[in-house]
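Letter by letter, the chains look like this.
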Amino acid sequence: MSLFGKVEAEVEIKAPASKFHEVYSKRLPEVPKLSPNFLKSVDLIEGQWGEEGSVMCWYFIFDGKAVMSKEVLEAIDDKNNSVTFKVIGGLLMELYKSFKFIVQATPKGEGSLVRWTLVYEKLNVDVPDPNLMLQFAIDLTKDIDAHLTKG
């Protein structure tokens with residue numbers, strides 16, 4: 001069994017791809033307001049909001065517990081509406097040697113298709129694939145979409 005892995009999921013949303021991408025690339029401090037059911041807060045630790053290399057701590061409820069994830073905004077691709085976050089501390093580093101979130105929004109009709117890709121290396125073979133975290137990302141996406149598209 002390999003320690004390296006990747007899980008992916010897609011979800012259709014009503015918001016345009018550019019609007020959803022803007023949330024994860026330029027409006028990061030607003031994300032907890034757009035999804036208060038999932039995210040409690042986000043703090044900028046280093047750098048500037050929306051800049052590659054900036055470091056932030058996300059505070060959220062996961063599997064019924066209050067947890068934290070310290071992440072570097074590794075890459076922003078405005079052309080392809082993609083953002084990559086590299087986890088460097090917190091909950092996921094207890095189970096994984098490395099962990100990245102890649103979120104990409106692609107135009108589809110009047111809305112978009114959001115693809116989450118989680119790329120990771122487990123600390124050992126007993127660590128489960130991060131399917132619960134993938135579902136969390138999908139649920140978070142739906143919650144943000146509801147706030148972006150409410151009339």
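Up top you'll find the structure we're talking about.
The following paragraphs examine the structure supplied in this document.

Definitions and cut-offs
Residues numbered from 1 in each chain as written. Predicted model: local features only at pLDDT ≥ 70, side-chain atom pairs only at ≥ 80, totals over all residues. Heavy atoms only, no water. Helix = DSSP H or I, 4+ residues; strand = E, 2+ residues; numbered from the N terminus. Rg over C-alpha atoms; globule rule 2.2 N^0.38 Å. Buried < 20%, exposed > 50% of the residue type's maximum accessible area, 1.4 Å probe, protein only. Contact = heavy atoms within 4.5 Å. Areas by Shrake-Rupley, 256 points an atom, 1.4 Å probe, with all protein chains shown as cover. Lys, Arg positive; Asp, Glu negative; His and termini not counted. Charge placed at Lys NZ, Arg CZ, Asp CG, Glu CD. Core = buried A, V, L, I, M, F, W, Y, C linked by side-chain atoms within 4.5 Å. Pairing = 2+ DSSP bridges. Axes fitted to C-alpha atoms, helices over the stretch in contact; angles between N-to-C directions. 1 Å grid on protein atoms, 1.4 Å probe; cavity = no way out; pocket = protein on both sides within 12 Å on 5 of 7 lines; lining within 4 Å. Points joined across faces, edges and corners; volume = space filled by probe spheres on them. Nonpolar A, V, L, I, M, F, W, Y, C, P; charged D, E, K, R; others polar.

Quick notes on the overall build of the chain
- Secondary structure assignment for the chain yields three helices and seven strands.
- Mapped from its N terminus to its C terminus, the chain presents α and β elements in the order β-α-α-β-β-β-β-β-β-α.
- Since a compact globule built from 151 residues should have a radius of gyration of about 15 Å, the 15 Å found for the chain is in line with a globular shape.
- Along the three orthogonal principal directions, the C-alpha set of the chain runs to about 45 × 30 × 30 Å.
- Considering the chain as a whole, with its 151 residues, one finds that 47% of them fall into the buried category.
- Expressed as a percentage of contacts within the chain between residues at least 6 apart in sequence, the contacts between residues at least 24 apart total 50%.
- Approximately 7800 Å² of the chain is accessible, and the part contributed by carbon and sulfur atoms is 51%.
- A distance of 2 Å separates the average location of the 18 positive side-chain charges in the chain from that of its 22 negative side-chain charges.

Some points on the nonpolar core
- Core analysis: the largest hydrophobic core is formed by 45 residues, its most contacted members being Y24, W116 and M133.
- Considering every element that reaches this core, the biggest residue donor is helix α3 (residues 131-149), with eight residues.
- Each residue touching M133, except ones within four places of it in the same chain, is listed here: F60, F62, L91, L92, F99, F101 and L118.

Digging into the sheet that holds strand β7 (residues 111-122)
- The strand order β1-β7-β6-β5-β4-β3-β2 describes an open sheet built from seven strands, whose pairing is antiparallel. Only two strands of the sheet have a single neighbouring strand rather than two, namely β1 (4-13) and β2 (39-46). On average, each strand axis in the sheet is inclined to that of its neighbour by 25°, with strand direction left out of account.
- Of the strand pairs in this sheet, strand β4 (residues 65-77) and strand β5 (residues 82-90) are connected by eight bridges, and their pairing is antiparallel.

Regarding empty space enclosed by the protein
- By the definition in use, this model includes one cavity of 30 Å³ or more.
- What lines the largest cavity is a set of 13 residues, among which E71, F101, W116, F136 and L140 lie closest to the centre.
- Contributing elements (two or more residues each) for the lining of the largest cavity: β3 (55-62) and α3.
- With four residues, α3 is the single largest residue contributor to the lining of the largest cavity.
- Here the lining of the largest cavity is composed, by residue class, of 12 nonpolar, no polar and one charged.

Points about the pairing of strand β6 (residues 96-108)
- Here five bridges tie β5 to β6, and the two strands are oriented antiparallel to one another. Bridging across to β6, S82 finds its partner in Q104.
- The loop that links β5 with its antiparallel partner β6 comprises five residues.
- The pairing of β6 with β7 spans 12 bridges and is classified as antiparallel. Its bridge partner lying in β7, A105 is registered against V114.

Some words on the layout of surface pockets
- Approximately 210 Å³ is the volume attributed to the largest pocket.
- Lining the largest pocket are 13 residues, and of these F62, D63, L91, L95 and L132 lie nearest its centre.
- Mapped onto the lining of the largest pocket, the elements with two or more residues apiece are β4 and α3.
- Taken together, the residues of the lining of the largest pocket break down into 10 nonpolar, no polar and three charged.

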